[in-house]
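If you want the building blocks of each chain, they are given just below.
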Amino acid sequence: MFDEYGDLVTVEELCEMLSIGKNAAYKLLGSGDIKAFRIKRVWKIPKECVADYVSNNIIAF
């Protein structure tokens, strides 16, 4: 899953991965739903944390 991305992704890449906007991405990061860290003002998001978020939040229809 998400093989085309590096080990750490940016907010823009997170938006692409989840097909969401920046506001939604920052909400997920700020709430801690997706584990990430900041270096100064730049978010660093481990790709495996995004994959964990997706696998834990799949809604069955």
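All figures in this text were calculated on a predicted structure; none of them were measured in a lab.

Parameters and conventions
Residues numbered from 1 in each chain as written. Predicted model: local features only at pLDDT ≥ 70, side-chain atom pairs only at ≥ 80, totals over all residues. Heavy atoms only, no water. Salt bridge = Lys/Arg side-chain N within 4 Å of Asp/Glu carboxyl O. Helix = DSSP H or I, 4+ residues; strand = E, 2+ residues; numbered from the N terminus. Buried < 20%, exposed > 50% of the residue type's maximum accessible area, 1.4 Å probe, protein only. Axes fitted to C-alpha atoms, helices over the stretch in contact; angles between N-to-C directions. Parallel < 35°, antiparallel > 145°, perpendicular 65-115°, else oblique. Contact = heavy atoms within 4.5 Å. Nonpolar A, V, L, I, M, F, W, Y, C, P; charged D, E, K, R; others polar.

A. Quick peek at the pattern of salt bridges. Under the defined criterion, the tally for this structure stands at one salt bridge. Its salt-bridge partner being Glu12, residue Lys22 comes within 3.2 Å of it at the nearest N-O pair. One end of the pair, Lys22, is in helix H2 (residues 22–31); the other, Glu12, is in helix H1 (residues 11–18), with ten residues separating them in the sequence. Using a relative accessible area of 41% as the deciding quantity, one classes Glu12 as partly exposed.

B. Looking closely at the packing of H1 against H2. Look at H1 against H2: their axes get within 9 Å of each other, and the N-to-C directions meet at 105 degrees. Taken together, the axes of H1 and H2 lie roughly perpendicular to each other. For the pair H1 and H2, the contacting residues are Val11, Glu12, Leu14, Cys15 and Leu18 in the first and Lys22, Ala25, Tyr26, Leu28 and Leu29 in the second. Tallied by class, the residues present in the contact of H1 with H2 amount to eight nonpolar, no polar and two charged.

Fair warning: the whole summary comes from geometry, so function is off the table for now.
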